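Residues per chain are reported as follows:
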Amino acid sequence: MSVFLEGKARLVFENSPIRVIFNQRQGMNVFQEDAAFQHLNQQHRDIIAALPRFHYVLDIQDEGLWYLYNRSSESEMERFRTT
């Protein structure tokens, strides 16, 4: 499903049981206006709004919400340190 907010199209999969939510620099409107995110309360929206780089919220339907942090392995750091 495409959702048009603030003149931009966003894809939202309402029936997807697993969602990974990244930092929302473009705004939080989709989490207040779209039916797919009506289960999120204000505390969840505050966490999403404040997500720093490499932090995510994993939303699994009927299971829960998890706060995740992506930490590079030592081999990734060695390989990509200067890029």
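The following paragraphs examine the structure supplied in this document. The written sequence of each chain sets the order in which its residues are numbered from 1. Where totals are concerned, whole chains, interfaces and linings use all residues; where local detail is concerned, this predicted model gives features only for residues with pLDDT of at least 70, and gives and counts side-chain atom pairs only at 80 or more. Computation of side-chain values covers all heavy atoms of the structure but excludes hydrogens and water.

### Focus on the pairing of strand E5 (residues 64–69)
Regular strands have side chains that alternate between both faces of the sheet. Selection criterion: When DSSP finds two or more bridges between two strands, those strands count as paired. Helix and strand definitions follow DSSP, with helices as H or I runs of at least four residues and strands as E runs of at least two, each counted in order from the N terminus.
Two strands pair when backbone bridges link them, and strand E4 (residues 55–60) and E5 are joined in this way by six bridges, in the antiparallel orientation. The residue of E5 that forms the bridge with Leu58 is Trp66. Connecting the antiparallel pair E4 and E5 is a turn made up of three residues, with Asp62 showing a positive phi of about 65°.

### Quick word on the side chain of His55
Short version of the rule: For each residue, the accessible area found with a 1.4 Å probe, counting protein chains only, is set against the maximum for its type, and the residue is called buried under 20%, exposed over 50%, and partly exposed in between. Pairs of N or O atoms within 3.5 Å make up the polar contacts considered here, provided that, within protein, one atom can donate a hydrogen while the other can accept it, and that residues adjacent in sequence are counted only when both atoms are side-chain atoms. Only heavy atoms matter for contacts: two residues are in contact if any of them lie within 4.5 Å across the pair.
Tracing the chain through its elements places His55 in strand E4. The buried category is assigned to His55, whose relative accessible area is 15%. Side-chain polar atoms of His55 contact the backbone oxygen of Arg53, separated by 3.0 Å. Excluding its chain neighbours within four sequence positions, the residues that come into contact with His55 are Tyr67, Leu68 and Tyr69.

### Focus: the pairing of E4
Burial analysis of E4 places five of its six residues in the buried class, the great majority of the element. Note: strand E3 (residues 18–21) against E4, four bridges, orientation antiparallel. Of the residues in E4, the one forming a bridge with Ile21 is Val57.

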